[in-house]
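If you want the building blocks of each chain, they are given just below.
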Amino acid sequence: MSGIRSTGFLHLGNYFGAIRNYVRMQEEYTCYFMVADLHSLTTHPDTKELKPNVHRVLAENIACGLDPEKVALYCQSHVYETAELYLLLNMLAYKGELEKTTTFKDKVRQHPENVNAGLLTYPVLQAADILLHRASLVPVGKDQEQHLEMSRNFANRFNHRYREVFPEPFAFNFGEALIKVPSLDGTGKMSKSENQYATIFLSDSDDLIRKKIMKAKTDAGPSAPNMPMPDYIENIFLLMKLVSGADTIQKFEEDYNKAAIRYGDMKKQLAEDMIRFVAPIREKAESIRQDQAYLKRIMEMGAEKARISAAATMEKVREAIGLKYY
Ligand code: TRP
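Rules and cut-offs
Residues numbered from 1 in each chain as written. Predicted model: local features only at pLDDT ≥ 70, side-chain atom pairs only at ≥ 80, totals over all residues. Heavy atoms only, no water. Axes fitted to C-alpha atoms, helices over the stretch in contact; angles between N-to-C directions. Helix = DSSP H or I, 4+ residues; strand = E, 2+ residues; numbered from the N terminus. Parallel < 35°, antiparallel > 145°, perpendicular 65-115°, else oblique. Contact = heavy atoms within 4.5 Å. Nonpolar A, V, L, I, M, F, W, Y, C, P; charged D, E, K, R; others polar. Pairing = 2+ DSSP bridges. Near = heavy atom within 4 Å. Polar contact = N/O pair within 3.5 Å; in protein donor to acceptor, adjacent residues only side chain to side chain. Areas by Shrake-Rupley, 256 points an atom, 1.4 Å probe, with all protein chains shown as cover. Domains from an automatic or database assignment. Buried area = accessible area lost by both parts, 1.4 Å probe. Salt bridge = Lys/Arg side-chain N within 4 Å of Asp/Glu carboxyl O. Buried < 20%, exposed > 50% of the residue type's maximum accessible area, 1.4 Å probe, protein only. Arc of directions from axis to C-beta. 1 Å grid on protein atoms, 1.4 Å probe; cavity = no way out; pocket = protein on both sides within 12 Å on 5 of 7 lines; lining within 4 Å. Points joined across faces, edges and corners; volume = space filled by probe spheres on them.

Enquirer: For this particular structure, what's the right way to read the packing of helix α13 (residues 263-290) against helix α14 (residues 292-321)?
Expert: In a pair of packed helices, the angle between the axes and the distance between the axes together describe the arrangement. Axis separation between α13 and α14 bottoms out at 5 Å; the angle between their running directions is 85°. Classified by the angle between their axes, α13 and α14 sit roughly perpendicular to one another. For the pair α13 and α14, the contacting residues are I288, R289 and Q290 in the first and Q292, Y294 and L295 in the second. Per-class residue counts for the contact of α13 with α14 are three nonpolar, two polar and one charged.

In structure tokens:
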């Protein structure tokens, strides 16, 4: 089970960090992938963009290979049991631990004028998403580790206070080191909130991709053979490893080690390989986004699958708590 934020555009970091994992998981597991539209209300009180955002995130995930026939792909707000479990889990969550959550403290700092209770209990809603399907594997990045630990705590408290209902959920990846997708300005990784020009979005036009890559930081090149690589040059090689062929990478590595590399040529090659990777996803997502009837159908199908699992869990939950009076 995993949740997909509905704010912001998907970028290369999302693809290699998360979506690619989802696509692989769908072949081996029963999967629930949910668009976290309710979570977005904690930070985005203006809901004008909600519908286009939800449509886009669905379309982009499907364009990347997520198959709504194989998984339950649904919107959080369509599965009302989420709200019920959230309410019940709130009795097991303590004010102190919620206030200590890193993401909460960050949000308080960024938006001191909107510290609402939904923001404080964001991890409880996330735990409800996961536990609603009694999921144990949650494909998420490192930034979600604390939220997952809290989900485990809520699950354990529930099991101890009432009755064993929930397995402990853990972050999941396919046992590979997490891939870092470096940003194009030589600092940190691609992200939707940092420098927009240093991040490649799955919706970027061919031209924009070319412009962004040609602007990536380089220098005059190594002054002697076999020099160590500066970070920002290594980053360009890292990006190449994601989208270019092995012989292309080898050629530029050899050029670098001979101190004969031409960064202009390397970036041109990277731009073309990047376009070959992004353009089909962008075009497919665009055509899905146009097809409102299809989007409606897959949302209904996803919600139906999610509700079956949610209803079964909630039966166990109500029984365990003692909310059965006849
Ligand atoms: N908090 C997650 C994020 O910011 C999104 C999310 C919501 C989620 N519910 C979830 C992730 C359940 C995993 C499981 O990316």
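Here the narrative resumes.
Enquirer: Explanation requested: the sheet that holds strand β1 (residues 2-5) in the structure shown.
Expert: Strands pair in a sheet through their backbones, by hydrogen bonds, and they do so in one of two ways: parallel or antiparallel. Pairing is parallel in the open sheet, where three strands are placed in the order β1-β2-β3. Single-partner strands in this sheet number two, and they are β1 and β3 (72-75). If you compare each strand with its neighbour and ignore which way they point, the axes differ by 25° on average. Examined bridge by bridge, strand β2 (residues 32-36) and β3 share four bridges and lie parallel to one another. Considered in β3, the bridge of Y32 is made with A72.

Enquirer: Hey, could you run me through the site of the ligand in this one?
Expert: What surrounds the ligand is a group of 14 residues, the closest being R5, Y122, Q126, D129 and Q144. Within the side chain of Y122, an N or O atom sits 2.8 Å from a nitrogen atom of the ligand. Q144 is positioned such that a nitrogen or oxygen atom in its side chain is 3.1 Å from a nitrogen atom of the ligand. Expressed as a share of its isolated accessible area of 370 Å², the protein-covered part of the ligand is 94%. Contributing elements (two or more residues each) for the shell around the ligand: β1, β2 and α8 (122-131). Among the elements that make up the shell around the ligand, the one with the highest residue count is α8 (four residues).

Enquirer: What should I look at first to understand the domain arrangement of the protein in this one?
Expert: Frequently, the measure chosen for interface size is the accessible area removed from exposure when the parts meet. Taken domain by domain, the protein comprises domain 1 (2-172 + 291-321) and domain 2 (196-285). On a C-alpha basis, the centres of domain 1 and domain 2 stand 35 Å from each other. Between domain 1 and domain 2, the residue contacts involve eleven residues of the former and 13 residues of the latter. In this assembly, domain 1 packs against domain 2 so that about 1100 Å² is buried in total across both faces, 80% of it on carbon and sulfur atoms. Contact with domain 2 buries surface across domain 1, with L12, F16 and A63 losing the most and accounting together for 47% of the total. Our count for the contact surface shared by domain 1 and domain 2 stands at zero salt bridges. One can count two residue pairs in polar contact (both at pLDDT 80 or more) joining domain 1 with domain 2. Of all the secondary structure elements, the ones that give two or more residues to the side of domain 1 that touches domain 2 are α1 (12-25) and α3 (50-63).

Enquirer: Just checking my understanding: could you explain helix α10 (residues 206-214) for this structure?
Expert: Listing the buried residues of α10 in full gives I209, K212 and I213. The arc enclosing the buried residues of α10, seen along the axis, measures out at 95°, which places them on a common side.

Enquirer: What's the story with empty space enclosed by the protein in this structure? I'm lost.
Expert: Empty pockets left among the atoms are what a rolling probe the size of a water molecule brings to light. Counted by the stated rule, this structure contains one cavity of 30 Å³ or more. The computed volume of the largest cavity comes to approximately 40 Å³. Taken together, S183, L184, D185, G186, A216, K217, Y232, N235, I236 and L239 form the lining of the largest cavity. For the lining of the largest cavity, the residue count by class is five nonpolar, three polar and two charged.

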